[in-house]
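Understanding the architecture of this molecule
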Amino acid sequence: MTDVIVSEVLQKLSEKEELLQSIHVSKHLQPEVDLGNLLLNDLDEIDLGNIKTNKEEYLLSLSRDNLQYLVNKLYELPTERVDEVIVAKIPEPILRIPREKRVPKDKPLTKWEQYAKDKGIKKQKKSKLIWDEELNRWVPRFGFKKALAEKEKNWVMPVAKNVNPNEDQFAKANRIKEEKVAKNELKRLQNIARNTKKAKKPVLEPAAKYNTDQLNRMVHVAHTATASMGKFQKKLKDEKTIPKTGKRSHFQPLISDSAAEKSHNLEILDRVQSKKPKLDIEKAVNRMTRAEEEERHEHNKGGKKKKSKGGKKGKGKFRGGTGKKGKGKGAPVKKAGKGKR
Amino acid sequence: MQLFSSGILSLGGCIMYLILTGNVALCILNYHTHNNEAQIIGRLYDYHLLDMVELGIDDCQLIETFKNQKIAAGIKPCLLFAGEPFNSSSEYQRLKNLLVDFFRGEEITGLRLAGLEHVISFTAAEGKIFMRSYRILTKKSGAKTPRVDLEEIGPRMDFSLRRTKLASDDLFKTSCKKPRQIKPKTVKNIKKDALGTTTGRIHLGKQDLSKLQVKRMKGLRKVKSGKKTSKGPKNPASI
């Protein structure tokens, strides 16, 4: 009797062991498992003989073993119940896959955020409701219910002694509130404007007063803004001829002094072959610092007095088209009357 | 995300147009010329080419040749990579990255364990890569984990790695960068021990030794041998 029971028990145990063996996978090297990607890297070597003889069966059995290992690992994960379904919590993927697009740029801080950061001011968590002593109840910190509560409290407003008695205090309070709201809105827009890309400075800026530089530019633009680009534009009485502006290409004549051409070409060759750096760093740095200084100066002055300091701002701007590099300082440039060119 | 187009390689402009308008990042180009069939798998980063790999197709058997029940589309597959080249060769590792990128589906935080249905295995041997696609069948085992069996369903392909145009290491690194907001915030100094108590260390600062109280401290008084330090209860009679 007991023999029968014992043998039954042993049989059940062996069956259980068999089943347990069925999920056991033996590997020489532990495979690398990336559960975030449901990925498994088998580090064992492949039996090439098996590949040659029975490829598909071998691949199937290999994949089955690897998958069994992966599934074993998956079932070890912590699980939770979501809508009557048992779900395993998958960790972060280990293998880094590249992004499709670039990482987006950080939002620029607003003026207040920058100030708070500098001062070390941290945001304080505020409650939604505030206890109001007068009304003896909880009033929201913001919103229409707060407005109603304020109205309740301010059903009467004391008028100060030095104030006009006919003035409507309630209207005044409303006006002040509106101004505050408008100011807040203005600041918000200024934050946005400061952080968005600025459009390039227009050629003709509207201003109360123009200087000669700007006037010359305006004259030129007005002259050329016709269908024929100013070519067939009749002159007005007493109007001075509008000189041409812009870059002019000067081409060498086709047949010229061959010695000069030869020396010119050899010069080019020397320059190309020379060991000197192509970019004169000092000159570039000086030029940049000068440009920055000028920008700062202009910004500080508020653009009121735009005394052009000769041609140092560079070519490309309207200077009467003489092509003069204009190194000297001096009186504001009066190049419009220089005559034809 | 995937774009299939057949034709010769020189259709570059057309492809670029399709890529830009379709806003895709991964693309496959199948091309077959006389005696020669190949696939080019490419991926983009920031609208520029990141990696491009040409895989010659040596043997291909389509889904139709396997007459059995298939799985629903869109299921996230398990990916298995076997073979020494996938762990040693840098080209193969980049190819592995590309294949994972292609086949892994969307990123998930939770997985319904009963819903594992699809496996794709890539095995690198004899200079070739064998891609096999299987369906998962689960059977009861004695333990919580089921025993899995596989049944081949999907396309069976044997590739050989031909030309590659891979991104440089630093470009690859920048493309993998995660935005700062996603990075987990490391909490410094706070620890939880085995019993569950949370501890942290506080730095009190340097102690000013010149301000130590050393005079007139009862505890620091020398005890003369034989005499008691405490005065003892007062004799009520002596008041």
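Within any chain, residue numbers begin from 1 and follow the written order of that chain's sequence. Note on labels: chains are lettered from A, ligands numbered from 1, in written order. Whole-chain, interface and lining totals are the exception, using all residues; otherwise, since this is a predicted model, local features are given only for residues with pLDDT of at least 70 and side-chain atom pairs are given and counted only at 80 or more. Hydrogens and water are ignored here; the side-chain numbers use all heavy atoms of the structure.

Only DSSP runs of H or I with at least four residues qualify as helices, and only runs of E with at least two residues qualify as strands; both kinds are numbered from the N terminus onward. For chain A, the count of helices and strands is nine helices and six strands. Partly exposed describes any residue whose relative accessible area lies between the buried limit of under 20% and the exposed limit of over 50%, with all areas from a 1.4 Å probe on protein chains only and scaled to the type maximum. Split into buried and exposed, the 341 residues of chain A put 19% on the buried side. Pairs of residues are marked as contacts when any of their non-hydrogen atoms sit within 4.5 Å. Contacts spanning at least 24 positions in sequence make up 40% of the contacts within chain A whose residues lie at least 6 apart.

Attention shifts here to the environment of Gly105 of chain B. Structurally, Gly105 of chain B can be placed in the loop between helix 3 (90-103) and strand 6 (110-112). Through-space distance from the C-alpha of Gly105 of chain B to that of Cys78 of chain B is 10.0 Å; in sequence the pair is 27 residues apart.

Time to look at the pairing of strand 8 (residues 128-139) of chain B. Residues and elements named next belong to chain B. Here eight bridges tie strand 7 (residues 118-125) to strand 8, and the two strands are oriented antiparallel to one another. Bridged to Val119 within strand 8 is Tyr134. Here a strand pair is declared whenever DSSP counts at least two bridges between the two strands. Linkage of strand 7 to strand 8, two consecutive antiparallel strands, is achieved through a turn of two residues, within which Glu126 is found at a positive phi near 55°. Bridge count for strand 8 against strand 10 (residues 156-165) is three bridges, and the pairing is antiparallel. Within the sheet, the bridge partner assigned to Phe130 lies in strand 10 and is Asp158. Alignment of strand 8 against strand 9 (residues 147-152), held across six bridges, turns out to be antiparallel. Residue pairing across strands places Thr138 opposite Val148, the latter belonging to strand 9.

With that settled, consider the environment of Leu70 of chain A. For Leu70 of chain A, the location among the structural elements is in helix 3 (residues 55-75). A C-alpha to C-alpha distance of 7.8 Å links Leu70 of chain A and Leu38 of chain A, two positions 32 residues apart in sequence. Contact partners of Leu70 of chain A, with chain neighbours within four places excluded, come to Val33, Leu35, Leu38, Leu39 and Leu40 of chain A together with Cys78 and Leu80 of chain B.

Moving on, we get to the interface of chain B and chain A. Contacts between the two partners involve 63 residues from chain B and, on the opposite side, 50 residues from chain A. Here the buried area means the combined drop in accessible surface, using a 1.4 Å probe, for two parts upon being joined, counting both sides. The junction of chain B with chain A conceals about 5,200 Å² of combined surface from both sides, 62% of it contributed by carbon and sulfur atoms. The largest contributions to the chain B side of the interface with chain A come from Leu80, Leu113 and Val148 of chain B, which together make up 11% of the buried area. We count a salt bridge whenever a side-chain nitrogen from Lys or Arg sits within 4 Å of a carboxyl oxygen from Asp or Glu. Our enumeration of links across chain B and chain A arrives at seven salt bridges. All amino acids are sorted into three groups, where Ala, Val, Leu, Ile, Met, Phe, Trp, Tyr, Cys and Pro are nonpolar, Asp, Glu, Lys and Arg are charged, and the leftover types, Gly among them, are polar. Classifying every residue of the side of chain B that touches chain A gives 30 nonpolar, 13 polar and 20 charged. Of the pairings in the sheet, the one linking strand 2 (residues 39-41) of chain A to strand 5 (residues 78-82) of chain B comprises three bridges and is parallel in character. Looking at the pairing, Leu40 of chain A lines up with Leu80 of chain B of strand 5 of chain B.

Before going further, it helps to examine the sheet that holds strand 4 (residues 85-89) of chain A. Pairing is antiparallel in the open sheet, where three strands are placed in the order 3(A)-4(A)-6(B). Two strands close off the open sheet at either side, each with one partner strand: strand 3 (79-82) of chain A together with strand 6 of chain B. When strand polarity is set aside, the average angle formed by the axes of neighbouring strands in this sheet is 40°. Examined bridge by bridge, strand 3 of chain A and strand 4 of chain A share four bridges and lie antiparallel to one another. Looking at the pairing, Arg81 of chain A lines up with Ile86 of chain A of strand 4 of chain A. For every element, the axis is a line fit to its C-alpha atoms; helices are fit only across the contacting stretch, and the angle between N-to-C directions ranges from 0 to 180 degrees.

All names here are of chain B. pLDDT expresses how confident the predictor is about each individual residue, on a scale running from 0 to 100. Mean pLDDT over chain B works out to 83, with 88% of the residues at or above the 70 mark. Note that residues 1-10 has pLDDT below 50 and, in this model, 22 contacts with residues that lie over four places away or in other chains. At the level of chain-chain contacts, confidence expressed as ipTM amounts to 0.75, with global pTM at 0.59.

Right, let's talk about the pattern of salt bridges for a bit. Pairing between side chains becomes possible if they bear opposite charge and their charged atoms approach one another. Counted by the stated rule, this structure contains 29 salt bridges over all chains. In this structure, Glu152 of chain B engages Arg156 of chain B in a salt bridge whose closest nitrogen and oxygen atoms are separated by 3.0 Å. On the accessibility criterion, Glu152 of chain B (11% relative accessible area) is buried. When its relative accessible area of 13% is taken as the criterion, Arg156 of chain B is described as buried. Overlapping salt bridges bring together Lys55 and Glu56 of chain A together with Arg132, Glu152, Arg156 and Asp158 of chain B as one network.

Two descriptors summarise a pair of aromatic rings, namely the distance from one centre to the other and the angle between the planes of the rings. Residues and elements named next belong to chain B. The pairing test for Phe, Tyr and Trp rings, Trp by its six-membered ring, is centres within 6.5 Å, and the orientation test on the planes gives stacked under 30 degrees, edge-to-face over 60, and tilted for anything in between. According to the stated counting rule, one finds seven aromatic pairs over all chains in the structure shown. Note on Phe102 and Phe103: the rings are 5.7 Å apart at their centroids and 50° apart in plane angle, and the pair reads as tilted. On the basis of relative accessibility, which here comes to 24%, the residue Phe103 falls in the partly exposed class. Joined through ring pairs, the aromatic side chains of Phe81, Phe86, Tyr92, Phe102, Phe103 and Phe122 make up one cluster. Any Lys NZ or Arg CZ found within 6 Å of a ring centre and within 35 degrees of that ring's normal is scored as a charge over the ring. Between the NZ or CZ atom of Arg94 and the centre of the ring of Phe172, over which it lies, the distance is 4.1 Å.

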